[in-house]
Amino acid sequence: MNTHSSQPPLDIPDAVDLGIMWDRLISIADEIVSTLRRTSFSTIVYESYDLTVAILDREGHLIAQGTYSVPVFMGTAPYTLRKFLDRYPPESLKPGDVIISNDPWVGTGHMFDINVVRPVFRNGEIVAYTLSITHLPDVGGLGFGATATEIYHEGLRLPICKLLECGQQNDLVVDIISANVRNPDSVLGDIFANVTCNEVGGRMLLEFMNEYDLSTLDGLSLAIRKQSEQMTRQAIHDMRDGEYHNAIQIEGMDGPLTLACTATVEGDSVTIDFSGTSPAVRQGINVPLCYTRAMSLYSVRCLTVPDLPNNSGSVAPVRVTAPEKCLLNAVHPSPTGARHVIGHFVSPLIFGALAEAAPDRVQADCGMMTLVTFQGTHPNGRELATIYFAAGGFGALQEYDGASTTPGPSNMAVVPTEMWEILTGTTVEYRRLLPDSGGPGASRGGLGQEVTIRNDTGNLLTVFPMASRTEFPAVGLLGGQPGTCLLYTSDAADEGLGVDLGGRRI
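Everything numeric here is computed off the predicted structure, so don't read it as measured data. (Residues numbered from 1 in each chain as written. Predicted model: local features only at pLDDT ≥ 70, side-chain atom pairs only at ≥ 80, totals over all residues. Heavy atoms only, no water.)

### Observations concerning the overall build of the chain
Across its full length, the chain carries 10 helices and 18 strands. The C-alpha radius of gyration computed for the chain amounts to 22 Å, which stays within 12% of the reference 23 Å derived for 506 residues, consistent with globular compactness. Across its three principal directions, the C-alpha atoms of the chain cover 70 × 55 × 40 Å. Entry remark: accessible area of the chain is about 20000 Å², with carbon and sulfur atoms responsible for 51%. Averaging the coordinates of the 33 positive side-chain charges in the chain and doing the same for the 57 negative ones gives two points 3 Å apart. (Helix = DSSP H or I, 4+ residues; strand = E, 2+ residues; numbered from the N terminus. Rg over C-alpha atoms; globule rule 2.2 N^0.38 Å. Areas by Shrake-Rupley, 256 points an atom, 1.4 Å probe, with all protein chains shown as cover. Lys, Arg positive; Asp, Glu negative; His and termini not counted. Charge placed at Lys NZ, Arg CZ, Asp CG, Glu CD.)

Have a look at this one:
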């Protein structure tokens, strides 16, 4: 990717300066996260941290990611930027340009994540890019769930376009978004929070470069990526060479689905292939390859150098393939709204395959997240569209019990009960741990939870539950026992107010 017109000599820092400057880049990314949270409108961003912030060099290599970011998007961010620059070549970009898209096959695998990119200019040349991703509270369509049967049902799909050009807002794009979502103030507020945080990040990067008298970030980026790649390759080299297979069954709408993978460890590299996986389905649980690849890269990171800050070097030794049109490489127009329901199983699938190659590093299965979208009317009359997160237990590791009610492989935070009740007009009657639900073993899996929410809005609520582990429990590894299955129920009809579960009144 050629993103500049000149190639000045690389300023490669020594080991001491590298450590200091690397930490500074991460602190800048963390400040971008803080800005994003403070300026966002929806709880899914400022409370649940469903966000990612990344700093990429002018060649499109990831060099830093915010500490509180969804970790798997280290795998999608460089790919997204590459697609953006295919549409708007670097030489065509100007200071003040901001590019956006929520296309599932360009971004993170579903339309509910908005991807926002801003080039950073210094002395008339692009020196870096800041990129942020947040889950939007609504994109129109049927709402966040798995009920769509083609991508067109799922809402507004924005092609790669400029939201700002030379600092001027594209009013047509704003009007199109406003006309297609249920709560435009919240959605546009979140989108422009992304614009704001990227602007702040660009200013901080320039201050950083001025402080260290850097004409480019190329040398620093190369040093970070080179050291990270060397550490990752050494960790892979310590695994046992071989070809390892795993297959699991998970719940599907019309019967069980199969996910399969072959992980090949050879020297200091890993290849993961998902041949044998079931074909894509008509429901919105299909996974584009960009998300499958991201989950795979994250999984290998967990087994190699998990403490290493995320950057492109740490995932360079990993190659990912999947047959086209399978469940983990869905193509247009397959619906992908709830792609996480399947995509989160990529990690336990890979861990199970590599349990023999790295028995002291693998994690047993997690209880997974349950996401429930609530749509309706708040008691104060405003439109309501928000998401409740709950999590099963975290999988056990060798000599470590899994944490209770902790999500994995993603890292959402729970909205405080008091905040949830104020924002939705519902009441959380209780949240309590489920004894003995984590699965026994030398190290025990984390406990699940029971959550009861009462509809006190005075209006019908439409609820889209997205959950797994209802038929196939979290599996233990290396002799550990499985956890318990999830149960979802509703007795809202008895209250006279009702809940519509994805179009089904009960």
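### Describing unusual backbone geometry
Between His332 and Pro333 the backbone carries a cis peptide bond, its omega angle lying at 10°. One can find Pro333 in the loop between strand 11 (318-321) and helix 8 (339-343). A cis geometry characterises the amide bond from Gly408 onward to Pro409, with omega recorded as 10°. Tracing the backbone shows Pro409 in the loop between strand 13 (383-391) and helix 10 (417-424). In this structure, Asp213 takes a positive phi of about 55° despite not being glycine. Relative to the elements of secondary structure, Asp213 occurs in the loop between helix 5 (184-211) and helix 6 (218-237).

### Focus: the sheet that holds strand 8 (residues 242-250)
Read from one edge of the open sheet, four strands run 8-9-10-11, paired in mixed fashion. The sheet is open, and its two borders are formed by strand 8 and strand 11, each paired with just one other strand. Across the sheet, the axes of successive neighbouring strands diverge by a mean angle of 15°, strand direction being ignored. Across five bridges, the pairing between strand 9 (residues 257-266) and strand 10 (residues 269-273) is antiparallel. If you follow Val265 over to strand 10, its bridge partner there is Val270. Helix 7 (residues 289-303) rests against strand 10 and strand 11 of the sheet, and its axis sits at about 145° to strand 11. Here helix 9 (residues 346-353) sits on the sheet in contact with strand 8, strand 9 and strand 10, set at roughly 140° to strand 8. (Pairing = 2+ DSSP bridges. Axes fitted to C-alpha atoms, helices over the stretch in contact; angles between N-to-C directions. Contact = heavy atoms within 4.5 Å.)

### Quick word on the packing of aromatic side chains
All chains considered together, the criterion is met by five aromatic pairs. Judged by centre distance (5.5 Å) and plane angle (40°), the rings of Tyr49 and Tyr68 are tilted. One end of the pair, Tyr49, is in the loop between helix 2 (43-46) and strand 1 (51-57); the other, Tyr68, is in the loop between strand 2 (62-65) and helix 3 (77-87), with 19 residues separating them in the sequence. Classification of Tyr68 by relative accessible area gives exposed; the value is 56%. (Phe/Tyr/Trp six-rings, centres within 6.5 Å; stacked < 30°, edge-to-face > 60°. Buried < 20%, exposed > 50% of the residue type's maximum accessible area, 1.4 Å probe, protein only.)

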